[in-house]
Amino acid sequence: MDVIIEAEKLTKIYPGGVLAVDHIDLSVKEGEIFGFLGPNGAGKSTTIMMLVTLLHPTEGKARIAGWDIVQHRGRVRSVLGYVSQDIAVDEYLTGWENLLLQGKLYHLSPQEIKTRGKEVLEMVDLWERKDELVQNYSGGMRKRLDIACGLIHRPRILFLDEPTLGLDIQTRSKIWEYIRQLRSEHKMTIFLTTHYMDEADKLCDRIAIIDHGKIMAIGTPLELKRSVGGDLVSIKFQENGNGQREEIFTALKEFPLVESVKEKDSQLLIVTKDGNTAIPQILSRLHDMGAEVQSISMKRPSLDDVFLFYTGRQLRDEEASPQDFYRMRMALRRAKR
Ligand SMILES: Nc1ncnc2c1ncn2[C@@H]1O[C@H](COP(=O)(O)OP(=O)(O)OP(=O)(O)O)[C@@H](O)[C@H]1O
Ligand SMILES: [Mg+2]
């Protein structure tokens, strides 16, 4: 797969001296869903705005589809779609009129606008409501229309800044579905930001954890989880006496995949780098030793553990918080002006 987004030491210092993005390096492959995960003020929106050519980097370079974001702004813009964190649709127009306007901005022909407009509105389930004023849309519907507007010119890369901020769980999973569909049906590359752990975990192929303008870690959700520690396997078995417990304890400690073995509440707790491979081996060994296993379970470290490990603090809950709803309302208010 080809690299489609590349950044080298990309940096933004705002006038006044705020270092919002601090020498970040990253590369995203064509067709990937890449997530930027970080708390408020981490520098997610600033990074996206530089990549979509709306902000000038202070230092560093980035290329989108091979084009430099400073030297070839027009080229860069022609291959990307951008859905900002704030709602951008005009509420005094209907859903359809918003799309029409967007299509014209991209110099699409009336026929193209007609066919693609229907396609994108059907995708976000707004076709039936297209002739209503956006004023009457809910927050989730406005966000979906926003996404439709970012798609009408069929970009190769879609940048979504907090696509599900402040939305309810149902609308959020619906939006995840559209995003997956865009990738599978149109091979689109998706770069999104989020501060929702579950969104990053379930939706993204790879995640960069960003904090205070710096990338703290990059990898697949699984790689990141593995990087902070092993899987935890708990085993309970029937004792037959005769020192069998000690024998099993010693045997397990010698397994190459096993990092440590502890005994707690008559269970064995095993930390292993790779539970999926270790469990069958452990079971077969216990069977050979004549132990009767009563239960076995495995727990993986969560992305919460990963975030804590790399940033030293916890990210907020997965559910939309009152603060998110507040930000969503502020975004809607700004859109009205
Ligand atoms: N126009 C601006 N002028 C000065 N400082 C800014 C400006 N925009 C953002 N900042 C600062 O830059 C830092 C990064 O902000 P940014 O909006 O990129 O973060 P973010 O990760 O998108 O946060 P959020 O989750 O709240 O959207 C913050 O400290 C913010 O206060
Ligand atoms: Mg932001």
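Below you will find a few notes about this structure. All figures in this text were calculated on a predicted structure; none of them were measured in a lab.

1. Quick look at the nonpolar core
Logical step 1: Counting 69 residues, the largest nonpolar core has Leu51, Ala148, Ile157, Phe159 and Ile190 as the members making the most contacts within it.
Logical step 2: Setting aside chain neighbours within four positions, we find Ile190 in contact with Ile33, Phe34, Leu158, Leu160, Ile179, Leu182 and Arg183.
Logical step 3: Within the second largest apolar cluster, ten residues are counted, among which are Val233, Leu268, Ala278 and Ala291.

2. Regarding the site of ligand 1
Logical step 1: In the neighbourhood of ligand 1, 14 residues make up the surrounding shell, with Tyr14, Ala20, Lys44, Ser45 and Thr46 lying closest.
Logical step 2: Here the shell around ligand 1 takes three residues from helix H1 (residues 44-51), the largest share from any one element.
Logical step 3: Broken down by class, the residue content of the shell around ligand 1 amounts to four nonpolar, nine polar and one charged.

3. Some words on helix H4 (residues 110-123)
Logical step 1: The end-to-end C-alpha separation of H4 is 20 Å, in line with the 20 Å expected for 14 residues at 1.5 Å each.
Logical step 2: What H4 keeps buried is the set Ile113, Gly117, Val120 and Leu121.
Logical step 3: Packed against the buried residues of H4 are helix H3 (95-105) and helix H5 (139-151).
Logical step 4: With its phi angle positive at about 55°, Asp125 sits one or two positions after the end of H4.

4. Thoughts on the packing of H3 against H5
Logical step 1: Interhelical geometry of H3 versus H5 gives an angle of 25° and a closest axis separation of 9 Å. Overall, the two elements H3 and H5 adopt an arrangement that is roughly parallel. Here H3 runs over H5; the crossing is right-handed. Between H3 and H5, the contacting residues are Gly95, Asn98, Leu99 and Gln102 on the first element and Leu145, Ala148 and Cys149 on the second.
Logical step 2: When grouped by side-chain class, the residues that make up the contact of H3 with H5 number four nonpolar, three polar and no charged.

5. Quick look at the environment of Leu105
Logical step 1: If you trace the backbone, Leu105 turns up in helix H3.
Logical step 2: The spacing of Leu105 and His153 is 48 residues in sequence and 9.6 Å in space, taken between C-alpha atoms.

6. Brief notes about the sheet that holds strand E10 (residues 214-219)
Logical step 1: Taken in spatial order, the six strands of this open sheet run E6-E7-E8-E3-E9-E10, and their pairing is mixed. At either end of the open sheet lies a strand with only one pairing partner, and these are strand E6 (80-83) and E10. Averaged over all pairs of adjacent strands, the angle between their axes in this sheet comes to 15°, without regard to strand direction.
Logical step 2: Where strand E3 (residues 33-37) meets strand E8 (residues 189-194), five bridges bridge the pair, whose relative direction is parallel. The residue of E8 that forms the bridge with Phe36 is Thr193.
Logical step 3: Here H5 sits on the sheet and contacts E6 and strand E7 (157-161); the angle it forms with E6, its principal contact strand, is near 165°.

7. Digging into the sheet that holds strand E11 (residues 231-238)
Logical step 1: Spatially, E12-E13-E11-E14 is the arrangement adopted by the four strands of the open sheet, whose pairing is antiparallel. The outermost strands of the open sheet, each flanked by one partner alone, are strand E12 (258-264) and strand E14 (292-299). For this sheet the average axis-to-axis angle between neighbouring strands, irrespective of direction, equals 20°.
Logical step 2: Of the strand pairs in this sheet, E11 and E14 are connected by seven bridges, and their pairing is antiparallel. Considered in E14, the bridge of Gln238 is made with Glu292.
Logical step 3: Packed on one face of the sheet, helix H9 (residues 244-253) meets E12 and strand E13 (267-272) and runs near 155° to E12.

8. Structural notes on the packing of H3 against H4
A pair of packed helices is characterised by two quantities: the angle between their axes and the separation of those axes.
Logical step 1: At their nearest, the axes of H3 and H4 sit 10 Å apart, and the two run at 125° to each other. With respect to their mutual orientation, H3 and H4 come out oblique. For the crossing formed where H3 meets H4, the hand is right-handed. Residues Gly95, Trp96, Leu99, Leu100 and Gly103 of H3 touch H4, and the partners they reach there are Glu112, Ile113, Gly117 and Leu121.
Logical step 2: Taken together, the residues that form the contact of H3 with H4 break down as five nonpolar, three polar and one charged.

9. So, H1
Logical step 1: Among the eight residues of H1, eight are classified as buried, and the element is accordingly described as predominantly covered.
Logical step 2: The set of residues buried in H1 consists of Lys44, Ser45, Thr46, Thr47, Ile48, Met49, Met50 and Leu51.
Logical step 3: Trailing H1 by a residue or two, Thr53 shows a phi angle of about 70°, which is positive.

10. Things to note about the environment of Ile13
Logical step 1: In this structure, Ile13 sits in strand E1 (residues 3-13).
Logical step 2: Each C-alpha atom of the pair Ile13 and Leu26 lies 19 Å from the other, and the pair is 13 residues apart in sequence.
Logical step 3: Among all residues touching Ile13, those that are not within four sequence positions of it are Val18, Leu19 and Thr58.

Definitions and limits used
Residues numbered from 1 in each chain as written. Chains lettered and ligands numbered in written order. Predicted model: local features only at pLDDT ≥ 70, side-chain atom pairs only at ≥ 80, totals over all residues. Core = buried A, V, L, I, M, F, W, Y, C linked by C-beta atoms within 7 Å. Buried ≥ 20, exposed ≤ 12 C-beta atoms within 10 Å, placed from the backbone. Contact = placed C-beta atoms within 7 Å. Near = placed C-beta within 6 Å. Helix = DSSP H or I, 4+ residues; strand = E, 2+ residues; numbered from the N terminus. Nonpolar A, V, L, I, M, F, W, Y, C, P; charged D, E, K, R; others polar. Expected span 1.5 Å × (residues − 1). Axes fitted to C-alpha atoms, helices over the stretch in contact; angles between N-to-C directions. Parallel < 35°, antiparallel > 145°, perpendicular 65-115°, else oblique. Left-handed = near helix turned anticlockwise from the far one by under 90°. Pairing = 2+ DSSP bridges.

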